[in-house]
Amino acid sequence: MRSAQAHLPVSGPDAGDEPTDLPVVRDRALQAAGIATLILDPAPDVPTIVWANEAFSRATGYPARDVVGLALTILEAPGSAGFDFAALRADLVGDEDDLPQTWRMLSARADGGMAWFEYSVAQVRDRDNTVRHWVAMITDVSQEVLEREEQARSIAVERAARTTLDLVSLVSDLLTDLDYPYVLREVAQHLQHGVVGWAGFFLNDNGLVFSEGINVSVTTQGGSNRPAREAGVSVDALGDSRTPGVSVEHTLSIAPAIDPLQDLLDGQVAGPITFPLRTDYPMGTAARVLAHEMRERLGIPDATETGGEAAADRDDWPMVVVHAVPGRRRVLGLLVTTPTDSSVAALSDVDATTMTLLHVVARRVGMAIDNVRLYAREHQLAETLQRAMLPEQADIAGLDVWTYYAPTSDHAQVGGDWYDVLHIDDEVAGLVIGDVVGHDIEAAATMGQLRSVVRSYAFELTTPELVLERVDQLMVGMRVPRSASLVYATLRQIKAETATPTEPAGRWRLEYSRAGHLPPLLLRGGKVSQLSGAGGALIGFGSRARGTAAETLEPGDALIFYTDGLIERRNRALRAGLAALVDAAERSAATDAAGIGEELLARLADAPEDDVAVVVVRVPDPVADGAPPAMSPRSRRWLLPSEPASIGRARHAVLRTCQAWELDDVANAELVVSEIVANGVLHGWGHISLRLFDTGDGLRIEVEDSNPAPPVTTDGHANRLGGYGMQIVERLADWGWRPSGSGKLVWAKIRPSAR
């Protein structure tokens, strides 16, 4: 074997100085070394092998004697770049320290197998410092390369999983603010950051529509659009297709489905699917809509797509991936994406992690849309039902009426307390105030039943005791589970033909009957008397005949009707609370119903523990009302239902308040309050709170509603009336807004007009 190997050149300064057996020792040392070693002749363009050790044979499978004289390229793997000997020569020659050049390369073994070798090549100089040979050390690093590749794959999988979790978490955070008008656009943009090439949502809101946000007010129509899936195909009563002109007695030929999206929208396939952006989808199909929209958004003109070739004969259409956006009971829309690699033509070519991420995002978006729309529907239903049960106040000619109602529940607009001011006919006004035990949903439902019954009998019967007796009978028959107290009163202005010396014309006659309710108060000349007559048992427990008490009201008199929530506290007995109410009423110096009510609320309703309902009815006094106003709190408040009638009530409230406070610019104040309240009625929901303040240099108006969106000054809407309200406010007042509870508060301070 040794005869087939070349001996190492002698590199000492003098060959005679070396032991005679040193070349033999070096041969044996290199032969015994465990590292594959080659001596190369660099003279040819492709270096040839001069000598190889046994370790080389074990590493490559080539016998050492057989490779002598062969080019080093026998180790090049088929299809690889191979050796770059020009660059290697340049690197070796350019290195003044003769350091070895090292690199790794996929190489071929003698048996055709592949292995990763690490090559380390250095120059070998003779006594005259001439390079005539290279020495190459070859190490099999296949295991290390495989481990590194596996580690890199593990790191990539871990990084992808972390990216997926981060993106899912980010999407979840975005979906917590569904009021944001561009929430779907934000989600799509985050998907485009390294996950997909393009992403967008198309919601099936009575038709497939590209959506950047969620329209919670959409009322979608259920059911499938199966006939639209088949172009030019007649359908029978069951929606099955049949060949036009062929009798149903013959075998029917089912037309092929030409709308691949409809099965996805109908929930018949789970998806995802690849969707070619063809140009020949029939009109009116979801496929036609999506293909046209996507071609525009991706900048693919139809002319370049058709290219003069028939659309039906083409098979190279651009592809997108479509995921269903599922809700609880139906598919709400589609998530459309394009892969980062434009050459992808099938779902199997898309990374599995990416597909999982898109599936999770589509499901989360679908559940978020379904939840917010379900909440909006339930909220609208609850708002409608509660608005129907809210107290009402009719305008009564000749009387100054102020009302206030506040439930204790933060989640409902109605409770167990209520009031009604009814315009029964031109001569009679009805007034009801009541309290159902409790302030939960059941109390509110009982209140709604009781309120409807009382209103019905109030318009049928004119005597309070008869109304309560009929209510007793009906409530017993209905087996209402909650007990309730109430006062029903009628106010009738005395006409000249019915006047008497004790009841002169122009005065008002009060008749009332109480069913276990606290006595109304009569404020006259700074003194309060309790109207405790005509008392009786709670509604539904009236086994005895009810009674009616009467009182004649004089100009300047004020009636105060209230529920126990105004005066009762845990640390104060009901009797003590009633005494406090009497004291507060006697201290009132206001000359209008709203002023009296404001003083009562300011002194007694600072921390109510139950629903509060208050009605103040005052008979105007032309003499006293024309006198200089007494010192009283220069603030007023009203709680108005979110309905158009509240706009007129707000204007009337401002008018009476400005007259009571002798403020100027009444017309401007009326206009400002009507615009702000109209915005609350149009765009808000629930109660609208109106407050008026005399700041000393002008009237300040505050309107609070439950819509957190701020008012915006616009130039109006094209082809629509309105849109100029806040411009009017801006011309007449300084205004602003701030968040308040779950909604907003809009304030305006009337500017003094130029004299």
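Residues numbered from 1 in each chain as written. Predicted model: local features only at pLDDT ≥ 70, side-chain atom pairs only at ≥ 80, totals over all residues. Heavy atoms only, no water.

1. Thoughts on a negative patch on the surface
Together, Asp425, Asp426, Glu427 and Glu497 give the surface a local cluster of negative charge. By secondary structure assignment, the location of glutamate 427 is in the loop between strand S15 (417-423) and strand S16 (428-436). On the accessibility criterion, glutamate 427 (44% relative accessible area) is partly exposed. (Patch = residues over 30% accessible without salt bridge, like charges linked within 9 Å, V, L, I, M, F, W, Y side chains within 5 Å. Areas by Shrake-Rupley, 256 points an atom, 1.4 Å probe, with all protein chains shown as cover. Salt bridge = Lys/Arg side-chain N within 4 Å of Asp/Glu carboxyl O. Lys, Arg positive; Asp, Glu negative; His and termini not counted. Charge placed at Lys NZ, Arg CZ, Asp CG, Glu CD. Helix = DSSP H or I, 4+ residues; strand = E, 2+ residues; numbered from the N terminus. Buried < 20%, exposed > 50% of the residue type's maximum accessible area, 1.4 Å probe, protein only.)

2. A closer look at the packing of helix H5 (residues 142-174) against helix H6 (residues 183-191)
Relative to each other, H5 and H6 sit at 170 degrees, their axes nearing to 10 Å. Comparing their axes, H6 and H5 come out roughly antiparallel. Contact residues: H5 offers Leu167, Leu170, Val171 and Leu174, while H6 offers Val183, Glu186, Val187, His190 and Leu191. Here the contact of H5 with H6 is composed, by residue class, of seven nonpolar, one polar and one charged. (Axes fitted to C-alpha atoms, helices over the stretch in contact; angles between N-to-C directions. Parallel < 35°, antiparallel > 145°, perpendicular 65-115°, else oblique. Contact = heavy atoms within 4.5 Å. Nonpolar A, V, L, I, M, F, W, Y, C, P; charged D, E, K, R; others polar.)

3. Observations regarding the sheet that holds strand S7 (residues 208-211)
Across the sheet, five strands lie side by side as S7-S6-S12-S11-S10; this open sheet has antiparallel pairing. The outermost strands of the open sheet, each flanked by one partner alone, are S7 and strand S10 (273-276). Ignoring which end each strand starts from, the neighbouring axes of this sheet average 35 degrees apart. In the sheet, strand S6 (residues 198-204) pairs with strand S12 (residues 331-338) via six bridges, with the strands oriented antiparallel. Opposite phenylalanine 202, over in S12, you have leucine 334 as the bridge partner. Sheet strands in contact with H6 are S6, S7 and S12, and its direction is about 150 degrees off that of S6. (Pairing = 2+ DSSP bridges.)

4. Points about the side chain of serine 689
Along the chain, the position of serine 689 falls in strand S25 (residues 688-694). Residue serine 689 is classed as buried on the basis of its relative accessible area, which comes to 16%.

5. Here we look at the confidence of the model for the protein
Scored by pLDDT, the protein comes out at a mean of 80, with 83% of its residues at no less than 70. The secondary structure element of the protein with the lowest average pLDDT is strand S8 (residues 234-235), at 44, and the one with the highest is strand S22 (residues 558-562), at 95. (pLDDT = per-residue confidence, 0-100.)

6. Overview of the packing of aromatic side chains
Summed over all chains, the structure comprises 10 aromatic pairs. Taken together, a centroid distance of 5.3 Å and an interplanar angle of 10 degrees make the contact between phenylalanine 275 and tyrosine 281 stacked. For tyrosine 281, a relative accessible area of 6% corresponds to the buried category. Linked through ring pairs, Phe83, Phe85, Trp103, Phe117 and Tyr119 together constitute an aromatic cluster. Taking NZ or CZ as reference, arginine 185 lies 4.1 Å from the ring centre of tyrosine 182, over its face. In this arrangement the basic side chain of arginine 297 is found over the ring face of phenylalanine 210, its NZ or CZ atom lying 3.5 Å from the centre. (Phe/Tyr/Trp six-rings, centres within 6.5 Å; stacked < 30°, edge-to-face > 60°. Lys NZ or Arg CZ within 6 Å of the ring centre and 35° of its normal.)

7. Here we look at helix H8 (residues 286-297)
The end-to-end C-alpha distance of H8 is 16 Å, a good match for the 16 Å that 12 residues give at a rise of 1.5 Å each. Three or more residues of H8 are buried, namely Ala286, Ala287, Leu290, Ala291, Met294 and Arg295. One side of H8 holds all its buried residues, which, seen down the axis, span an arc of 150 degrees. Positive backbone phi, at 70 degrees, marks glycine 299, one or two positions downstream of H8. (Expected span 1.5 Å × (residues − 1). Arc of directions from axis to C-beta.)

8. What to know about the pairing of strand S24 (residues 635-640)
Among the six residues that make up S24, six are buried, leaving the element largely enclosed by the rest of the structure. Side-chain alternation along S24 places Ser635, Arg637 and Leu639 on one buried face and Arg636, Trp638 and Leu640 on a second face that is also buried. Examined bridge by bridge, S24 and S25 share six bridges and lie antiparallel to one another. Opposite arginine 636, over in S25, you have leucine 692 as the bridge partner.

9. Re the sheet that holds strand S5 (residues 131-140)
One open sheet accounts for five strands, arranged S2-S1-S5-S4-S3; its pairing is antiparallel. Each edge of the sheet is formed by a strand with only one pairing partner; in this case those strands are strand S2 (48-52) and strand S3 (101-108). Going from strand to strand, the sheet's axes swing by 35 degrees on average, the running direction of each strand aside. Pairing of strand S1 (residues 36-41) with S2, which is carried by four bridges, proceeds in the antiparallel orientation. Paired with isoleucine 39 across the bridge in S2 is tryptophan 51. Along the sheet face, helix H4 (residues 85-94) touches S3, strand S4 (114-125) and S5 and points at about 40 degrees away from the line of S4.

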